[in-house]
Structure formats: C-alpha cells, structure tokens
Amino acid sequence: MITGYDASVAEAHGFKIVHNADGTESSIPVTAAANEAMAQLTAAEANRLSTSAKHSAVTPLAQGNCGTDHLDVYARPSAGAIVINTAYSVNTTSIGQVWHVVGNTANVAFNESFNGANFSTTWTATHVVPISGYGHGQAEIQAGSHAILINGGTCTAIVEGDSW
C-alpha cells in the first residue's frame, strides 16, 4: 500500500506531489511522457487484474492499494537449502525495491536481501539459501519492504508469510 511519496523521485520522472483538501497526498503526471506512461499502465493494469483474477486460486497474492506481493518458500533437501520465491506487481512502474524475507528454521534465523533496481510493473526473484534445519520453518516479507514507484510513491509490501 502507498505509505508516502518522494517528491524528488516523482519530479525526476515527470510527476508532481500534490496535497489534497483532506490532507492526503497524491502524485499526478505533469509531463507528456508521464501522461503517456500512465495511459499505457492503465491499459496494462486492467489486463493484469483480469488475468490475475483467473489465477488467484492457484497463486496466493496479498493485495493492497498499489499492487500485490507474493512469497513462496520451500525446502530443497538435495541442496541442504531453502528456496525463496518472492514477487510483486505494482500499478505504476517501479524503479527499484528495498525487499527482505526473514524467518527461521529449527536451527537458525535468516534475513535474505532482494534489494535492487527494476524498471517495470512486475518483479520476481528466487534465492536458494543454504541453511541448516531446512526441513521446516517459517518466513515472511519483512515489514517495511517496499517498491519505489516512478511517481514518487512508496508501495509498502503487505507482510505475507509462508511455512514449510
């Protein structure tokens, strides 16, 4: 969900942060390029929502006001490891993310970083993490993990968990 805006990021991509009468903030496109990007995203988002509704029973997604996030973790005994699959899909292009998956097994706690650049409305990553006690455990997207959007928005992940 949108938890704030960065005016310098918004301005760098042709957006302006405005203060609404109710005290909230919004980001609006102010350049032709930003308006065109938003028009393309609106059409793409309508298609994505239509497609994701068809698959929602198969893929668990946490839905917020700026997109969805996903976490799937499972043991990989042949590697003595766990596999972490995490993803998001946002309503406005993301320029990057600060993203961590934290959790524990029977023997150890872990914090896996997925920070990086991204210039898309979707992102996915898979890490194979060698870890003792991999046979069972729990993990979650760490509170405060977020995508940084071209309109200056901070799209904060819904803390979603998984266990194996």
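Everything here concerns the structure above.
In what follows, the accompanying structure is described. The model shown is predicted, which means the values in this text are computed figures rather than measured ones. (Residues numbered from 1 in each chain as written. Predicted model: local features only at pLDDT ≥ 70, side-chain atom pairs only at ≥ 80, totals over all residues. Heavy atoms only, no water.)

1. Some thoughts on the overall build of the chain
Next up, step 1: The helix and strand tally for the chain stands at two helices and 13 strands.
Next up, step 2: Within the chain, buried positions represent 39% of all 164 residues.
Next up, step 3: Taking the intrachain contacts of the chain between residues at least 6 apart in sequence as the baseline, contacts between residues at least 24 apart amount to 59%.
Next up, step 4: For the chain, the exposed area adds up to about 8,200 Å²; of that, 56% sits on carbon and sulfur atoms. (Helix = DSSP H or I, 4+ residues; strand = E, 2+ residues; numbered from the N terminus. Buried < 20%, exposed > 50% of the residue type's maximum accessible area, 1.4 Å probe, protein only. Contact = heavy atoms within 4.5 Å. Areas by Shrake-Rupley, 256 points an atom, 1.4 Å probe, with all protein chains shown as cover.)

2. Re the sheet that holds strand β10 (residues 137-141)
Next up, step 1: Pairing is antiparallel in the open sheet, where four strands are placed in the order β8-β7-β10-β13. The open sheet terminates on both sides in strands that have one partner only, identified here as β8 (109-113) and β13 (161-163). With strand direction ignored, the average angle separating the axes of adjacent strands in the sheet is 15 degrees. (Pairing = 2+ DSSP bridges. Axes fitted to C-alpha atoms, helices over the stretch in contact; angles between N-to-C directions.)

3. A closer look at the nonpolar core
Next up, step 1: Among the nonpolar cores identified, the biggest contains 22 residues, and I82, I84 and F110 are the most heavily contacted of them.
Next up, step 2: Ranked by residue count, the leading element in this core is strand β6 (residues 81-98), at four residues.
Next up, step 3: Apart from residues lying up to four places away in sequence, F110 is in contact with I82, I84, V101, V102, G103, N104, I131, Q138, A139 and W164.
Next up, step 4: In this structure, A10, F15, A34 and I150 belong to the second largest nonpolar core, which totals five residues. (Core = buried A, V, L, I, M, F, W, Y, C linked by side-chain atoms within 4.5 Å.)

4. A look at the state of the cysteines
Next up, step 1: Tallying each qualifying case throughout the model produces one disulfide.
Next up, step 2: Each sulfur in the disulfide pair C66 and C155 lies 2.0 Å from the other. Here the S-S torsion is close to 90 degrees, and the disulfide linking C66 with C155 is therefore right-handed. Highlighted residues: C66 in the loop between β4 (62-63) and β5 (67-76) and C155 in strand β12 (residues 153-156), separated in sequence by 89 residues. (Disulfide = S-S within 2.5 Å.)

5. Structural notes on the side chain of T105
Next up, step 1: Summarising the element assignment, T105 is placed in strand β7 (residues 100-105).
Next up, step 2: By relative accessible area, which is 8% here, T105 ends up buried.
Next up, step 3: A polar atom in the side chain of T105 sits 3.4 Å from the backbone oxygen of G133.
Next up, step 4: Sequence-distant contacts of T105, that is, excluding residues within four places in its chain, are made with I131, S132, G133, Y134, H136, G137 and W164. (Polar contact = N/O pair within 3.5 Å; in protein donor to acceptor, adjacent residues only side chain to side chain.)

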